[in-house]
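# Remarks on the overall topology
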Amino acid sequence: MELFTPIYFLPCLYAFVGCVGFAISFNIHGQEIPISALGGAVGWLVYLLSAPLLDNEVEQYFVAAIALAAYCEIMARIRKCPATSYLLISIFPLVPGAGIYYTMEHAVHGENERFLLQGMHTLALAGALALGILLVTSAMRMWTLFHRRHPLRSRWH
Amino acid sequence: MLIDPDQLLDLTSELGFRLMCTGAEIYRVEESIQYVLRAYGVHTGEVFAIPNCVIVSLTDPSGHASTRVRRIPAHGTDISLLESYNEFCREITHTPIPVPDALARMDAIQTRHFVYPFPVLLLAYLVGGGFYSLFFGGTLRDGLCGAVCGVAIGLCLWVMDYLRANSFIRTLAGGAVAALCALVLVDTGLGDNMDFITIGALMILVPGIAFTNALRDIMAGDLISGTNKAVEALLIATAIALGTGFVLSAAQRL
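What counts, and where the lines are drawn
- Position labels on residues start from 1 in each chain and follow its written sequence.
- To read the labels, note that chains go from A and ligands from 1, taken in the order they are written.
- In view of the model being predicted, local features appear only for residues whose pLDDT reaches at least 70, and side-chain atom pairs are presented and counted only at 80 or more, with totals across whole chains, interfaces and linings using the full set of residues.
- Only hydrogens and water are removed before side-chain values are computed, so all heavy atoms of the structure are retained for them.
- By definition, any uninterrupted DSSP run of H or I lasting at least four residues is a helix, any uninterrupted run of E lasting at least two residues is a strand, and each is numbered from the N terminus.
- Summary of the burial criterion: residues with accessible area below 20% of their type's maximum are buried, those above 50% are exposed, and those between are partly exposed, where the area comes from a 1.4 Å probe applied to protein chains only.
- Methods summary: accessible areas were calculated by the Shrake-Rupley approach with a probe of 1.4 Å, and residue burial reflects only the protein chains presented.
- Here the positive residues are Lys and Arg and the negative ones are Asp and Glu; neither His nor the chain ends is included.
- Salt bridges, as used here, are contacts in which a Lys or Arg side-chain nitrogen is within 4 Å of a carboxyl oxygen on Asp or Glu.
- Any pair of residues with heavy atoms lying within 4.5 Å of one another is described as a contacting pair.
- Between the first and last residue of a helix there are one fewer steps than residues, each counted as 1.5 Å, and that sum is the expected span.
- To count toward a patch, a residue needs a relative accessible area over 30% and no salt bridge; like charges are then connected within 9 Å, while nonpolar side chains (Val, Leu, Ile, Met, Phe, Trp, Tyr) are connected within 5 Å.
- By buried area we mean the combined loss of accessible area, with a 1.4 Å probe, across both parts when two parts are placed together.
- By the convention adopted, Pro, Cys, Tyr, Trp, Phe, Met, Ile, Leu, Val and Ala count as nonpolar, Lys, Arg, Asp and Glu as charged, and the other residues, Gly among them, as polar.
- The pairing criterion for strands is at least two bridges between them, as found by DSSP.
- Between the N-to-C directions of two axes lies an angle of 0 to 180 degrees, each axis being a line fitted to C-alpha atoms and, for a helix, fitted only over the stretch in contact.

Tallying secondary structure elements over chain B gives 10 helices and 3 strands in all. Secondary structure elements of chain B occur, N-terminal to C-terminal, as α-α-β-β-β-α-α-α-α-α-α-α-α. Looking at chain B as a whole, 52% of its 254 residues are labelled buried. For chain B, the accessible surface area stands at approximately 11,500 Å², while carbon and sulfur atoms represent 64% of it.

Encoded structure:
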């Protein structure tokens, strides 16, 4: 299986274990910990798998955000929990922390052009991430409203 | 159910206050309060929430209007508490119980609530920092150094919370400590790549979902909440960059 080659498997494993740590730091308990951490691995796997199909990182981020938001929304429906609690953790591998760091590094070294480029790129990644997630959550919200049978019960995520 | 408007205001404003303090999104707080008001038979109630304030107002049958304003202090995110209050809210919306009972149940949720002890939290930072250093491409030794930096950030955040520093200073200090640790570890030859170690540990501080939530509010037309949170997310990102940048440029001079 191609999926279990180290280039795909290892980063996803690292993302998963790292997310378990962050899940605890946000006071998530019990079974929700592995579920939310798995979302992080799912997002990163989609990001890696989409690399040959899409030519730039921003599009990859967008696709990965859609996949991980869909995962979180489905899990939220199954577990009857707010989707936010899963999203909060699953998003971590995709948060452009590296972008913030390299932007700062260019600024410190006085490389203005690279600083601006990296800064814009980081903002674009954050935007793609937010847009992908919002697309899925809004679609899900409309879908629930459409299928609403118990007006007061089913509107919560 | 006929109910005293003052009591209902107490309940809804307290619920809104507590939900906000767990880090719930604005729309969740506003919707929850609206559903509770409706469940108790009040259709003339209004609620307005922004990140640091909740206002609930309602008019009783005689035409007299009352309002409660609650200011929201600086708070973190506690997902398990958020889920408990969300569940509680669903229940009282489904079957309204007398207000004093509802208030007592909220207090019970607060006292029964379990928070991980500090050593477990440090362990979580250790795992988080270490594995994200590996994730960003670091070697095994970078992973170990990232774990050390994660713990250093955890300790630094604890000191900052003890000193009641605001979130900007808190993040700035966290970033500086992470960069300083990484610098020392790489200098002594324990770590290989300064950047992977720092980035891994910095993941503890990044704004994460805050930017997404801000954009959600803006798109929904809650411009005050949205811009408020977007600025907050940018400010935290800037604090991270400033904290690490300060240490890096100081190291360059030496």
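Bringing the side chain of Glu-30 of chain B into the picture now. Mapping Glu-30 of chain B onto the fold places it in helix α2 (residues 26–39). Put simply, Glu-30 of chain B is tucked away with no salt bridge, and the nearest opposite charge, on Arg-141 of chain A, sits 9.2 Å away. Once residues lying within four places of it in the same chain are set aside, the contact partners of Glu-30 of chain B are Val-47, Phe-48 and Ala-49 of chain B.

Now for helix α6 (residues 140–162) of chain B. Its 23 residues place the ends of α6 of chain B 33 Å apart at the C-alpha level, agreeing with the 33 Å of an ideal helix rising 1.5 Å per residue. Backbone geometry just after α6 of chain B places Arg-164 of chain B at a positive phi near 55°.

Glancing now at a nonpolar patch on the surface. A surface patch of nonpolar side chains, about 490 Å² in accessible area, is lined by Trp-158, Val-159, Tyr-162 and Leu-163 of chain B. Mapped onto the elements of the fold, Val-159 of chain B is located in helix α6.

Another aspect to go through is the interface of chain A and chain B. With 51 residues of chain A at the contact, the number on the chain B side is 55 residues. When the two sides are added together, the surface that chain A and chain B hide from each other amounts to roughly 5,000 Å², 72% of it contributed by carbon and sulfur. Between chain A and chain B we count 1 salt bridge in total. The closest approach of N and O atoms between Glu-31 of chain B and Arg-141 of chain A, which form a salt bridge, is 2.3 Å. The dominant element in the side of chain A that touches chain B, judged by the number of residues it contributes, is helix α1 (residues 6–25) of chain A, at 10 residues. Residues of the side of chain A that touches chain B, tallied by class, amount to 32 nonpolar, 13 polar and 6 charged.

This part takes up the sheet that holds strand β3 (residues 65–71) of chain B. Residues and elements named next belong to chain B. Reading across the sheet, the 3 strands line up as β1-β2-β3 and stay open at both edges, with antiparallel pairing between neighbours. At either margin of the open sheet sits one strand with a lone partner, and together these are β1 (45–50) and β3. With direction set aside, neighbouring strand axes in the sheet form an average angle of 10°. As judged from the 6 bridges shared by β1 and strand β2 (residues 53–59), these two strands associate in the antiparallel manner. Each bridged residue has a counterpart across the sheet, and for Phe-48 the counterpart in β2 is Ile-55.

In short, shape yes, function no, at least from these values alone.
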